Amino acid sequence: MLTLKVSGMTCGHCAQTVTKAVEALPTVERALVDLKAGEVAIKGSADESAIRQAIEDAGYEVQGRA
């Protein structure tokens, strides 16, 4: 499982937006957002750069791996 630090998530709507953006990728099985930790854990075989791009396209910044 890949876990990334994401900045800019401040509420449940933010978490839902990131979840939907990541889960829209074809090889992602599940995305679990931990709002308090500012992290998203991704289950699946999607390319990390594609995941980062999806999160950034949704308006958030990926800080790196957690």
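Residues numbered from 1 in each chain as written. Predicted model: local features only at pLDDT ≥ 70, side-chain atom pairs only at ≥ 80, totals over all residues. Heavy atoms only, no water.

Caption draft 1: Quick look at the sheet that holds strand β2 (residues 28-34). An order of β2-β3-β1-β4 is seen for the four strands of this open sheet, with the pairing classed as antiparallel. With partners counted over all chains shown, the strands left at the sheet margins are β2 and β4 (61-65), one partner each. In this sheet, adjacent strand axes meet at a mean angle of 30 degrees when their direction is disregarded. Contacting β2 and β3 (39-44), helix α1 (residues 12-23) crosses the sheet at an angle of about 160 degrees to β2. (Pairing = 2+ DSSP bridges. Helix = DSSP H or I, 4+ residues; strand = E, 2+ residues; numbered from the N terminus. Axes fitted to C-alpha atoms, helices over the stretch in contact; angles between N-to-C directions. Contact = heavy atoms within 4.5 Å.)

Caption draft 2: Region of the structure containing the side chain of Thr19. With respect to the element layout, Thr19 can be found in helix α1. Taking the relative accessible area as the measure of exposure, Thr19 reaches 18% and is therefore buried. Excluding residues within four positions of it along the chain, Thr19 makes contact with Ala31 and Val33. (Buried < 20%, exposed > 50% of the residue type's maximum accessible area, 1.4 Å probe, protein only.)

Caption draft 3: Seen up close, the pattern of salt bridges. Considering all chains together, one arrives at four salt bridges under this definition. When the shortest N-O distance is used, the salt bridge between Arg52 and Glu48 registers 3.0 Å. Taken as a pair, Arg52 and Glu48 lie in helix α2 (residues 48-57) at a separation of four residues, close to a single helical turn. Judged by its relative accessible area of 25%, Arg52 is partly exposed. Via salt bridges that share partners, Glu48, Arg52 and Arg65 belong to a single interconnected network. (Salt bridge = Lys/Arg side-chain N within 4 Å of Asp/Glu carboxyl O.)

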